[in-house]
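Spelled out from the first residue to the last, the chains are:
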Amino acid sequence: MIETVIFDLGNVLVDVRTDTLQRQLAARLELSEQQLQSRLAALLPLMESYERGRLNGVAFYQRVLSHFDLTQEAYPFAEYREHWCGALVPSPPMEALFEEVLAVVRVRVCVLSNTNALHWMYPAERFPLVQRAWATLVSYEGGLFKPEAAIYRLALERFVVKAPDTAVVLGDRPGDVEAASHG
């Protein structure tokens, strides 16, 4: 019997509009979207460090500025935050599913996500469903990253899952969901 339903955040509970973010950033930097793609690819290792909690939001922002040869005056943090977080938008079908699962008696609804502090606080403040989760685990707090087995073991402990076969994971990346079944 399923006792715990674990939702991912990005592209599950909320849609991540990377296309919107990239258009805004390309316009801001006066780059073509193709040029921007190339420059953003170089940031992926930095992004993982940020989402593992090895960098805080200000340090990541400063590294982004440096990567794009910008100053704080040219790209203020408030504008960066709006671009960064504005890519997160509600997903009405998933909100409805979340509500349906919440209505089931004796089922804990939890959230497990690879994310950073800005991308966690933005939906936590604006989307009530995140606030209604029984428990949460985010990569930047735990220093762990999906699909590593350790994050699933920690999730089972934090979400008080007595047996792995009593939990189900809803995610957008098959590798993460597969890893959860073996973690």
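On a predicted model such as this, the values are computed, not experimentally measured, just so you know.

(A) How the structure looks around the packing of helix α1 (residues 18–29) against helix α2 (residues 33–41). Following both chains from N to C, one finds α1 and α2 inclined at 100°, their axes separated by 9 Å at the closest point. In terms of orientation, α1 and α2 fall into the roughly perpendicular class. Contacts from Q22, R23, L25, A26 and L29 in α1 reach E33, L36, Q37 and L40 in α2. When its residues are assigned to classes, the contact of α1 with α2 shows five nonpolar, two polar and two charged.

(B) Fine view of the layout of surface pockets. Size it by volume and the largest pocket reaches roughly 940 Å³. V16, T18, M47, E51 and H119 are the residues nearest the centre of the largest pocket, which is lined by 35 residues in total. Per-class residue counts for the lining of the largest pocket are 18 nonpolar, ten polar and seven charged.

(C) Summary view of helix α6 (residues 92–102). Where α6 is concerned, the buried positions are M94, F98 and V101. One side of α6 holds all its buried residues, which, seen down the axis, span an arc of 65°. For α6, the exposed residues set more than 90 degrees away from the buried face come down to P92, P93 and E100. Tucked into the core, α6 has its buried residues touching β1 (4–7), β4 (108–113) and α8 (128–131).

(D) Region of interest: the nonpolar core. In terms of nonpolar packing, the biggest core is built from 43 residues, with F7, F60 and W84 touching the most fellow members. In this structure, F60 is in contact with L46, M47, Y50, L55, Y80 and W84, ignoring residues within four places of it in sequence. Formed by twelve residues, the second largest nonpolar core is a distinct cluster that contains I6, L137, L144 and F159.

(E) Just unusual backbone geometry, in detail. Cis geometry marks the peptide bond from K146 to P147; its omega dihedral reads 15°. Along the chain, P147 turns up in the loop between α9 (139–142) and α10 (149–158). Phi is positive for V160, close to 55°, though the residue is something other than glycine. Looking at the element boundaries, V160 is found in the loop between α10 and β6 (167–170). Owing to a relative accessible area of 41%, V160 belongs among the partly exposed residues under this scheme.

(F) Region of interest: the packing of aromatic side chains. Taken as a whole and judged by the stated rule, the model has nine aromatic pairs. Both rings, one in Y61 and one in F77, keep their centres 5.0 Å apart while their planes meet at 85°; by these two values the pair is edge-to-face. With Y61 in helix α4 (residues 57–67) and F77 in helix α5 (residues 77–86), the pair connects residues that are 16 residues apart, well separated along the chain. For Y61, a relative accessible area of 4% translates into the label buried. Ring geometry for Y61 versus Y80: centroids 5.0 Å apart, planes at 45°, classification tilted. With Y61 in helix α4 and Y80 in helix α5, this residue pair connects regions lying 19 residues apart in the sequence. A single burial state applies to Y61 and to Y80, both of which are buried.

(G) Expanded view of the pairing of β1. Side chains of β1 alternate between two faces, with T4 and I6 and V5 and F7 buried alike. Two elements, β1 and β4, share four bridges in a ladder whose sense is parallel. Looking across to β4, one finds that I6 is bridged to C110. The pairing of β1 with β6 spans four bridges and is classified as parallel.

(H) Region of the structure containing the sheet that holds β4. Taken in spatial order, the four strands make up an open sheet running β5-β4-β1-β6, and their pairing is parallel. Edge positions in the open sheet fall to β5 (135–138) and β6, since each of these has one partner strand only. Sheet twist, expressed as the average angle between the axes of neighbouring strands with direction ignored, equals 20°. Both β4 and β5 contribute to a ladder of four bridges, which runs parallel. The residue of β5 that forms the bridge with L112 is L137. Running over the sheet, α6 touches β1, β4 and β6 and is turned about 160° from β1.

Parameters and conventions
- Residues numbered from 1 in each chain as written.
- Predicted model: local features only at pLDDT ≥ 70, side-chain atom pairs only at ≥ 80, totals over all residues.
- Heavy atoms only, no water.
- Axes fitted to C-alpha atoms, helices over the stretch in contact; angles between N-to-C directions.
- Helix = DSSP H or I, 4+ residues; strand = E, 2+ residues; numbered from the N terminus.
- Parallel < 35°, antiparallel > 145°, perpendicular 65-115°, else oblique.
- Contact = heavy atoms within 4.5 Å.
- Nonpolar A, V, L, I, M, F, W, Y, C, P; charged D, E, K, R; others polar.
- 1 Å grid on protein atoms, 1.4 Å probe; cavity = no way out; pocket = protein on both sides within 12 Å on 5 of 7 lines; lining within 4 Å.
- Points joined across faces, edges and corners; volume = space filled by probe spheres on them.
- Buried < 20%, exposed > 50% of the residue type's maximum accessible area, 1.4 Å probe, protein only.
- Arc of directions from axis to C-beta.
- Core = buried A, V, L, I, M, F, W, Y, C linked by side-chain atoms within 4.5 Å.
- Phe/Tyr/Trp six-rings, centres within 6.5 Å; stacked < 30°, edge-to-face > 60°.
- Pairing = 2+ DSSP bridges.

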